[in-house]
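For reference, the chains in residue letters:
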Amino acid sequence: MSTPTVKNRLHFDLRADSVSTAEELERLLALGAQRTDVGDGPDVSWVVLPHAEGNEFCLLSRSVQDVEREEVQQH
């Protein structure tokens, strides 16, 4: 895997709908993906993974709608 030399022009956030996030992460890791630490900390609801050319994408645990719904419920 090569390290990107410029900022990503496009960044994908993906969420597995037919399986759990843990199952999808396991599948991606078995295919050769590796976690990348970008300094987000332990409390985030996503995992950052680079694709073969080094551009990062996120595997989300929750949808944007889920996060917004939780924020509304907290207030």
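Residues numbered from 1 in each chain as written. Predicted model: local features only at pLDDT ≥ 70, side-chain atom pairs only at ≥ 80, totals over all residues. Heavy atoms only, no water.

Draft legend 1. View of the overall build of the chain. Of the regular secondary structure elements, the chain holds 2 helices and 3 strands. The 75 residues of the chain split such that 23% are buried. Partitioning the contacts of the chain with sequence separation of at least 6, the portion at a separation of at least 24 is 47%. With an accessible surface of roughly 6000 Å², the chain has 50% of that area assigned to carbon and sulfur atoms. (Helix = DSSP H or I, 4+ residues; strand = E, 2+ residues; numbered from the N terminus. Buried < 20%, exposed > 50% of the residue type's maximum accessible area, 1.4 Å probe, protein only. Contact = heavy atoms within 4.5 Å. Areas by Shrake-Rupley, 256 points an atom, 1.4 Å probe, with all protein chains shown as cover.)

Draft legend 2. Looking closely at a nonpolar patch on the surface. Nonpolar side chains collect at one region of the surface, where Leu10, Phe12 and Leu14 lie side by side and expose about 310 Å² of accessible area between them. Structurally, Leu14 is set in strand β1 (residues 12-14). Look at Leu14 and you get partly exposed, because its relative accessible area is 40%. (Patch = residues over 30% accessible without salt bridge, like charges linked within 9 Å, V, L, I, M, F, W, Y side chains within 5 Å. Salt bridge = Lys/Arg side-chain N within 4 Å of Asp/Glu carboxyl O.)

Draft legend 3. Just the nonpolar core, in detail. Within the largest apolar cluster, 7 residues are counted, these being Leu25, Leu28, Ala33, Val47, Leu49, Phe57 and Leu59. For this core, the secondary structure elements donating two or more residues are α1 (21-30), β2 (46-50) and β3 (56-60). In contact with Leu28, other than residues within four places in its own chain, are Ala33, Leu49, Phe57 and Leu59. (Core = buried A, V, L, I, M, F, W, Y, C linked by side-chain atoms within 4.5 Å.)

Draft legend 4. Examining the pattern of salt bridges more closely. The final tally for this structure, using the stated rule, is 2 salt bridges. The closest approach of N and O atoms between Arg15 and Asp17, which form a salt bridge, is 2.9 Å. A relative accessible area of 63% places Asp17 in the exposed class. The residue Glu24 makes a salt bridge to Arg27 at a minimum N-O spacing of 2.7 Å. Here the residue Glu24 and the residue Arg27 both occupy positions in helix α1, the gap between them amounting to 3 residues, near one helical turn.

Draft legend 5. Summary view of the environment of Asp13. Summarising the element assignment, Asp13 is placed in strand β1. On the accessibility criterion, Asp13 (47% relative accessible area) is partly exposed. On a C-alpha basis, the gap between Asp13 and Leu59 in space is 6.1 Å, while along the polypeptide they are 46 residues apart. Beyond its immediate chain neighbours, meaning those up to four positions away, Asp13 contacts Cys58 and Leu60. In terms of polar contacts, Asp13 uses its side chain to reach the side chain of His11, at 3.1 Å. (Polar contact = N/O pair within 3.5 Å; in protein donor to acceptor, adjacent residues only side chain to side chain.)

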